[in-house]
Amino acid sequence: MSNNGIRTWEGPSAPERLNLLRQAKTIAIVGASDKPSRASYFVASYLKSSTKYRLFFVNPVVKEILGQPTYASLAELPESPDIVDVFRKHDDLPGVLEEAVAADAKTLWLQLGSWHEAVARSAQEAGLNVVMDRCVKIEHARFHGGLHLAGFNTGVISSKRQI
(Lines give C-alpha, C1' and ligand atoms only; values in the text may rest on other atoms or scores of the structure.)
Protein backbone atom coordinates (compact mmCIF):
# COMPACT_ATOMS: atom_id res chain seq x y z
CA MET A 1 0.00 0.00 0.00
CA SER A 2 1.02 3.55 -0.48
CA ASN A 3 0.50 6.57 1.74
CA ASN A 4 1.65 4.79 4.92
CA GLY A 5 -1.03 2.13 4.59
CA ILE A 6 -3.90 4.57 4.12
CA ARG A 7 -6.18 3.67 1.25
CA THR A 8 -7.08 6.70 -0.85
CA TRP A 9 -8.14 5.06 -4.12
CA GLU A 10 -11.85 4.38 -4.52
CA GLY A 11 -12.98 1.50 -6.65
CA PRO A 12 -16.21 0.93 -8.52
CA SER A 13 -19.49 0.74 -6.61
CA ALA A 14 -21.44 -2.52 -6.29
CA PRO A 15 -23.69 -1.66 -9.29
CA GLU A 16 -20.59 -0.80 -11.33
CA ARG A 17 -18.93 -4.12 -10.38
CA LEU A 18 -22.12 -5.96 -11.33
CA ASN A 19 -22.06 -4.19 -14.68
CA LEU A 20 -18.42 -5.22 -15.26
CA LEU A 21 -19.35 -8.85 -14.57
CA ARG A 22 -22.44 -8.64 -16.79
CA GLN A 23 -20.55 -7.16 -19.73
CA ALA A 24 -17.63 -9.60 -19.52
CA LYS A 25 -17.51 -12.69 -21.69
CA THR A 26 -13.91 -13.74 -20.99
CA ILE A 27 -11.85 -13.93 -17.80
CA ALA A 28 -8.12 -14.64 -17.65
CA ILE A 29 -6.96 -15.90 -14.26
CA VAL A 30 -3.33 -14.87 -13.81
CA GLY A 31 -1.63 -17.03 -11.20
CA ALA A 32 -4.15 -19.84 -11.65
CA SER A 33 -3.15 -22.99 -9.78
CA ASP A 34 -3.85 -26.69 -10.27
CA LYS A 35 -3.77 -27.21 -6.50
CA PRO A 36 -7.30 -27.57 -5.03
CA SER A 37 -6.17 -25.90 -1.78
CA ARG A 38 -5.42 -22.60 -3.54
CA ALA A 39 -7.97 -19.78 -3.79
CA SER A 40 -7.35 -19.41 -7.53
CA TYR A 41 -8.35 -23.06 -8.08
CA PHE A 42 -11.53 -22.59 -6.04
CA VAL A 43 -12.45 -19.46 -8.01
CA ALA A 44 -11.66 -21.17 -11.32
CA SER A 45 -13.78 -24.19 -10.36
CA TYR A 46 -16.72 -21.97 -9.45
CA LEU A 47 -16.47 -19.85 -12.61
CA LYS A 48 -16.16 -22.94 -14.82
CA SER A 49 -19.15 -24.74 -13.27
CA SER A 50 -21.47 -21.81 -12.47
CA THR A 51 -20.98 -19.20 -15.20
CA LYS A 52 -20.84 -18.88 -18.98
CA TYR A 53 -17.51 -17.03 -19.05
CA ARG A 54 -14.79 -18.29 -21.37
CA LEU A 55 -11.88 -18.86 -19.01
CA PHE A 56 -8.16 -18.66 -19.68
CA PHE A 57 -5.70 -19.89 -17.07
CA VAL A 58 -2.33 -18.14 -17.00
CA ASN A 59 0.49 -20.07 -15.34
CA PRO A 60 3.90 -20.58 -16.99
CA VAL A 61 4.66 -23.75 -14.99
CA VAL A 62 1.46 -25.82 -15.12
CA LYS A 63 0.31 -27.44 -18.40
CA GLU A 64 -3.39 -27.88 -17.57
CA ILE A 65 -5.98 -26.73 -15.01
CA LEU A 66 -9.49 -28.20 -14.75
CA GLY A 67 -9.01 -29.99 -18.07
CA GLN A 68 -8.05 -26.82 -19.94
CA PRO A 69 -4.61 -25.89 -21.28
CA THR A 70 -2.81 -23.05 -19.56
CA TYR A 71 -1.00 -20.10 -21.10
CA ALA A 72 2.42 -18.87 -20.03
CA SER A 73 1.38 -15.20 -20.26
CA LEU A 74 -1.49 -12.94 -21.25
CA ALA A 75 0.28 -12.33 -24.57
CA GLU A 76 -0.37 -15.97 -25.53
CA LEU A 77 -4.15 -15.81 -25.12
CA PRO A 78 -6.18 -16.41 -28.29
CA GLU A 79 -8.26 -13.27 -27.61
CA SER A 80 -8.24 -10.17 -25.42
CA PRO A 81 -9.70 -10.87 -21.97
CA ASP A 82 -12.50 -8.73 -20.63
CA ILE A 83 -11.33 -9.29 -17.05
CA VAL A 84 -7.82 -10.12 -15.86
CA ASP A 85 -8.33 -11.69 -12.43
CA VAL A 86 -4.98 -11.54 -10.61
CA PHE A 87 -3.68 -13.99 -8.01
CA ARG A 88 -0.08 -12.77 -7.79
CA LYS A 89 2.06 -11.20 -5.09
CA HIS A 90 2.18 -7.44 -4.65
CA ASP A 91 5.57 -6.92 -6.33
CA ASP A 92 4.37 -8.75 -9.48
CA LEU A 93 1.37 -6.47 -10.03
CA PRO A 94 3.10 -3.75 -12.13
CA GLY A 95 4.27 -6.45 -14.57
CA VAL A 96 0.80 -8.00 -14.72
CA LEU A 97 -0.62 -4.56 -15.48
CA GLU A 98 1.84 -4.14 -18.37
CA GLU A 99 0.74 -7.53 -19.77
CA ALA A 100 -2.95 -6.65 -19.31
CA VAL A 101 -2.54 -3.36 -21.19
CA ALA A 102 -0.61 -5.09 -23.99
CA ALA A 103 -3.31 -7.79 -24.19
CA ASP A 104 -5.99 -5.08 -24.56
CA ALA A 105 -7.84 -6.18 -21.42
CA LYS A 106 -10.81 -4.12 -20.23
CA THR A 107 -10.66 -4.70 -16.46
CA LEU A 108 -7.85 -5.43 -14.01
CA TRP A 109 -9.33 -7.27 -11.01
CA LEU A 110 -7.07 -7.79 -7.99
CA GLN A 111 -8.21 -10.50 -5.60
CA LEU A 112 -8.94 -10.28 -1.88
CA GLY A 113 -5.99 -8.90 0.04
CA SER A 114 -4.42 -7.38 -3.08
CA TRP A 115 -4.16 -3.59 -3.08
CA HIS A 116 -1.74 -1.49 -5.15
CA GLU A 117 -2.75 2.14 -5.62
CA ALA A 118 0.03 2.99 -8.11
CA VAL A 119 -1.02 0.05 -10.29
CA ALA A 120 -4.68 1.11 -10.01
CA ARG A 121 -3.90 4.66 -11.11
CA SER A 122 -1.70 3.47 -13.99
CA ALA A 123 -4.37 1.00 -15.10
CA GLN A 124 -7.04 3.72 -15.11
CA GLU A 125 -4.73 6.06 -17.04
CA ALA A 126 -4.34 3.26 -19.61
CA GLY A 127 -8.14 3.01 -19.91
CA LEU A 128 -8.78 -0.07 -17.79
CA ASN A 129 -11.44 -0.50 -15.15
CA VAL A 130 -9.92 -1.52 -11.82
CA VAL A 131 -11.29 -3.58 -8.93
CA MET A 132 -9.05 -4.28 -5.94
CA ASP A 133 -9.34 -6.41 -2.81
CA ARG A 134 -12.47 -8.22 -4.04
CA CYS A 135 -13.10 -11.78 -5.16
CA VAL A 136 -14.75 -12.39 -8.55
CA LYS A 137 -16.41 -15.55 -7.22
CA ILE A 138 -17.85 -13.85 -4.13
CA GLU A 139 -19.01 -10.84 -6.14
CA HIS A 140 -20.65 -13.02 -8.81
CA ALA A 141 -22.43 -15.21 -6.27
CA ARG A 142 -23.49 -12.23 -4.14
CA PHE A 143 -25.10 -10.52 -7.12
CA HIS A 144 -27.06 -13.66 -7.95
CA GLY A 145 -28.70 -14.43 -4.62
CA GLY A 146 -26.24 -17.09 -3.50
CA LEU A 147 -24.36 -15.04 -0.94
CA HIS A 148 -25.14 -12.59 1.79
CA LEU A 149 -23.36 -9.23 1.59
CA ALA A 150 -20.70 -10.60 3.94
CA GLY A 151 -19.90 -13.37 1.44
CA PHE A 152 -21.59 -16.32 3.12
CA ASN A 153 -24.10 -18.69 1.59
CA THR A 154 -27.57 -17.66 2.74
CA GLY A 155 -29.30 -20.86 1.67
CA VAL A 156 -31.77 -18.76 -0.31
CA ILE A 157 -32.95 -20.31 -3.54
CA SER A 158 -33.69 -17.60 -6.05
CA SER A 159 -35.30 -17.44 -9.45
CA LYS A 160 -33.08 -14.52 -10.41
CA ARG A 161 -31.65 -14.82 -13.88
CA GLN A 162 -27.96 -15.64 -14.13
CA ILE A 163 -25.64 -13.23 -15.92
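Structure: above.
This report concerns the structure included in the present document. (Residues numbered from 1 in each chain as written. Predicted model: local features only at pLDDT ≥ 70, side-chain atom pairs only at ≥ 80, totals over all residues. Heavy atoms only, no water.)

## Focus: the layout of surface pockets
Then, number 1: Empty space within the largest pocket amounts to approximately 220 Å³.
Then, number 2: Partitioning the lining of the largest pocket into residue classes produces 5 nonpolar, 4 polar and 5 charged. (1 Å grid on protein atoms, 1.4 Å probe; cavity = no way out; pocket = protein on both sides within 12 Å on 5 of 7 lines; lining within 4 Å. Points joined across faces, edges and corners; volume = space filled by probe spheres on them. Nonpolar A, V, L, I, M, F, W, Y, C, P; charged D, E, K, R; others polar.)

## Overview of the pairing of strand β5 (residues 83-86)
Then, number 1: The two faces of β5 match: I83 and D85 on one face and V84 and V86 on the other face are all buried.
Then, number 2: The pairing of strand β1 (residues 26-30) with β5 spans 4 bridges and is classified as parallel. Paired with A28 across the strands is V84, a residue of β5.
Then, number 3: Relative to strand β6 (residues 107-110), β5 runs parallel, the two being bridged by 4 bridges. Among the inter-strand pairings, V84 is bridged to a residue of β6, identified as L108.
Then, number 4: In this region the chain leaves β5, passes through helix α3 (residues 93-102) and returns to the parallel neighbour β6; the handedness of that crossover is right-handed. (Buried < 20%, exposed > 50% of the residue type's maximum accessible area, 1.4 Å probe, protein only. Helix = DSSP H or I, 4+ residues; strand = E, 2+ residues; numbered from the N terminus. Pairing = 2+ DSSP bridges. Right-handed = clockwise from strand over helix to strand, strands pointing away.)

## Quick notes on the packing of helix α1 (residues 14-23) against helix α5 (residues 136-143)
Packed helix pairs are characterised by how far apart their axes lie and by the angle those axes make with each other.
Then, number 1: At their nearest, the axes of α1 and α5 sit 10 Å apart, and the two run at 100° to each other. As judged from the angle between their axes, α1 and α5 are roughly perpendicular. Contacts between α1 and α5 pair A14, R17, L18 and L21 from the former with V136, E139, H140, R142 and F143 from the latter.
Then, number 2: Its residues assigned to classes, the contact of α1 with α5 shows 5 nonpolar, 1 polar and 3 charged. (Axes fitted to C-alpha atoms, helices over the stretch in contact; angles between N-to-C directions. Parallel < 35°, antiparallel > 145°, perpendicular 65-115°, else oblique. Contact = heavy atoms within 4.5 Å.)

## Describing the sheet that holds strand β7 (residues 129-131)
Then, number 1: Strand order across the open sheet formed by 7 strands is β3-β4-β2-β1-β5-β6-β7, with mixed pairing between neighbours. Looking along the sheet, the strands with just one partner apiece sit at the ends: β3 (64-65) and β7.

## Concerning the packing of α3 against helix α4 (residues 117-125)
Then, number 1: Viewed as axis vectors pointing N to C, α3 and α4 meet at an angle of 10°, and their least axial separation amounts to 10 Å. Relative to α4, α3 is oriented roughly parallel. The two elements α3 and α4 cross, and the hand of that crossing is right-handed. Listed contacts from α4 to L93, P94 and L97 of α3 are V119, S122 and A123.
Then, number 2: Class assignment of the residues belonging to the contact of α3 with α4 gives a composition of 5 nonpolar, 1 polar and no charged. (Left-handed = near helix turned anticlockwise from the far one by under 90°.)

## Focus: the pairing of strand β4 (residues 68-71)
Then, number 1: Bridge count between strand β2 (residues 54-58) and β4: 2 bridges; the pairing is parallel. By the bridge assignment for β4, F57 is matched with T70.
Then, number 2: Inspection of the sheet shows β3 paired to β4 by 2 bridges, in the antiparallel sense. Residue pairing across strands places E64 opposite P69, the latter belonging to β4.
Then, number 3: The hairpin formed by β3 and β4 contains 2 residues between the paired strands, and L66 there has a positive phi angle of roughly 50°.

Any functional reading would require information that these geometric values do not contain.
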